[in-house]
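Each chain is listed here by its residues.
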Amino acid sequence: MIGGLAVRNNLLCVTWAAGRGHVFLYDLDAQERMSSWTTPVGSSGYSDAGGVAIDDRFRLFVADPSNGCIRRYNAFGQHLGDVGLPQPRSGDRGRDKLGVLDRPHAVACHRDRLWVVMGERPRRRGVQCFDVHGKSLQALAARGEPGAEWAAPRGVWCDDAGLLVADTLRGTLQVFRVDGTFVQERELPGQGGSRPGALVRTADGAMVVVDHGGPEPRLVALAADGSEAALGALAETCRDPHALALDRNGGLLVLDRGGERVVRWDPGKQQTQVLVDLAEHDGDPPGGEDGSDRK
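Small disclaimer: the values here were computed from a predicted structure and weren't measured. (Residues numbered from 1 in each chain as written. Predicted model: local features only at pLDDT ≥ 70, side-chain atom pairs only at ≥ 80, totals over all residues. Heavy atoms only, no water.)

With that settled, the discussion passes to the overall build of the protein. When you go through the protein residue by residue, the secondary structure sums to one helix and 26 strands. Whereas a compact globule of 295 residues would reach a radius of gyration of roughly 19 Å, the protein reaches 18 Å, a difference of no more than 12%. Its C-alpha atoms give the protein principal-axis dimensions of roughly 50 × 50 × 35 Å. In the protein, of all internal contacts separated by at least 6 residues, the share reaching a separation of at least 24 is 43%. Computed over 35 positive and 40 negative side-chain charges, the inter-centroid distance for the protein is 6 Å. (Helix = DSSP H or I, 4+ residues; strand = E, 2+ residues; numbered from the N terminus. Rg over C-alpha atoms; globule rule 2.2 N^0.38 Å. Contact = heavy atoms within 4.5 Å. Lys, Arg positive; Asp, Glu negative; His and termini not counted. Charge placed at Lys NZ, Arg CZ, Asp CG, Glu CD.)

With that out of the way, let us pick up the environment of Arg248. Mapping Arg248 onto the fold places it in the loop between β23 (243-246) and β24 (252-256). Relative accessible area serves as the criterion here: at 48%, Arg248 is assigned to the partly exposed category. For the pair Arg248 and Pro146, spaced 102 residues apart in the sequence, the C-alpha separation amounts to 37 Å. The contact partners of Arg248, leaving out residues within four places of it in the chain, are Asn9, Asn10 and Asp29. Polar contacts involving the side chain of Arg248 include one to the side chain of Asp29, which spans 2.7 Å. (Buried < 20%, exposed > 50% of the residue type's maximum accessible area, 1.4 Å probe, protein only. Polar contact = N/O pair within 3.5 Å; in protein donor to acceptor, adjacent residues only side chain to side chain.)

Per the counting criterion, the structure on display carries 16 salt bridges. Ionic pairing is found between Asp82 and Arg71, a salt bridge with its closest N-O pair at 2.8 Å. Taken together, the positions of Asp82 in strand β8 (residues 79-83) and Arg71 in strand β7 (residues 69-73) put the pair eleven residues apart, joining distant regions of the chain. We classify Asp82 as partly exposed; its relative accessible area is 34%. Between Asp247 and Arg264 there is a salt bridge whose closest N-O contact spans 2.5 Å. One end of the pair, Asp247, is in the loop between β23 and β24; the other, Arg264, is in strand β25 (residues 261-266), and 17 residues separate them in sequence. (Salt bridge = Lys/Arg side-chain N within 4 Å of Asp/Glu carboxyl O.)

The subject of this paragraph is the pairing of strand β18 (residues 182-187). The sheet contact formed by strand β17 (residues 172-176) and β18 spans five bridges and is antiparallel. Each bridged residue has a counterpart across the sheet, and for Val175 the counterpart in β18 is Gln184. Between β17 and the antiparallel strand that follows it, β18, lie five residues; Gly180 among them carries a positive phi value of about 95°. (Pairing = 2+ DSSP bridges.)

So, about the packing of aromatic side chains. Tallied over the entire structure, the rule returns four aromatic pairs. Aromatic side chains Trp150 and Phe176 sit 6.0 Å apart centroid to centroid with 45° between the ring planes, which places their arrangement in the tilted category. Within this pair, whereas Trp150 is found in strand β14 (residues 150-151), its partner Phe176 is found in strand β17, the two being separated by 26 residues in sequence. When its relative accessible area of 1% is taken as the criterion, Phe176 is described as buried. Each ring, one from Phe176 and one from Phe182, has its centre 5.4 Å from the other, and the planes form 65°; the classification is edge-to-face. (Phe/Tyr/Trp six-rings, centres within 6.5 Å; stacked < 30°, edge-to-face > 60°.)

One non-glycine residue with positive phi stands out, namely Arg111, at about 55°. Within the fold, Arg111 resides in the loop between β9 (104-110) and β10 (113-118). Phi is positive for Arg143, close to 55°, though the residue is something other than glycine. A residue is classified by how much of its surface remains accessible, and Arg143, at 24% relative accessible area, is partly exposed.

Here we take up the nonpolar core. It is characteristic of soluble globular proteins that their nonpolar side chains tend to be buried jointly. Residues Leu173, Leu219, Leu234, Leu244 and Leu252 are the most contacted members of the largest nonpolar core, which totals 25 residues. Among the elements of the structure, β16 (162-167), β17, β19 (196-201), β20 (207-211), β21 (218-222), β23, β24 and β25 are those that each provide at least two residues to this core. A total of four residues in this core trace back to one element, the largest contributor, which is β20. Setting aside its immediate chain neighbours within four residues, Leu234 contacts Leu219, Leu252, Val254, Val263, Trp265 and Thr272. Counting residues in each nonpolar core, the second largest holds 15 residues, with Ala108, Ala148, Cys158 and Leu163 among its members. (Core = buried A, V, L, I, M, F, W, Y, C linked by side-chain atoms within 4.5 Å.)

Geometric values such as these leave the question of function open.
Encoded structure:
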């Protein structure tokens, strides 16, 4: 099962996949579910819902790895079209071209730009940039080196401070400015073998990362100075973390239990709270044949 997490003001989006990609929207202020739907299937008869981002106009961008695209929706669940050029029927070279999304896993939105990370193998264009309407703009050079390859990145984050990419198979975090200028490459603390995935940068400059390198996924925090930071009760509460997001009050949200639960951590009070338990839905969004449950 794959899934994602995103927050914009009071709107929380949770995605996961089980044969079909599922999208759930929640109103954090009212503490209730607003709507849900399933993503369109491709030629295989399946769809995914992986990483998700919400822009400042409350448009949703949902990664669908199995169909090689980013699905675009408005806040009412209306499908606005897809981002990404069609993949070639055969051959691998055509999958590493500008605009082509070969198994996109995560997406980040900042102002009018959309950043997508993708791939199951090394690719030069494993991190690509689009505008919010789907126009392909550029590919990000790994470590700022033209021709360098990304190693199947699984996490991306963008804010005013810059762009973060989890270069997963290489086991490092690559840091860029908003304009794409490379800044540095950082490693996670530990004995090696890290496999960073989802990540966020908090208001104080710290990075929180889901590391899949051990027997079980774990949460790791790096302070702005590069030292390991403590996560207190959050690390003890969350099991099998998968996706991360930040809310407007500085709370850290974690999609854990393999995509079944959303936990919020208040770093100031050092307290955790369960916001959503997707297991209550028994894996099937209510509503019509399209899975809609719009109010």
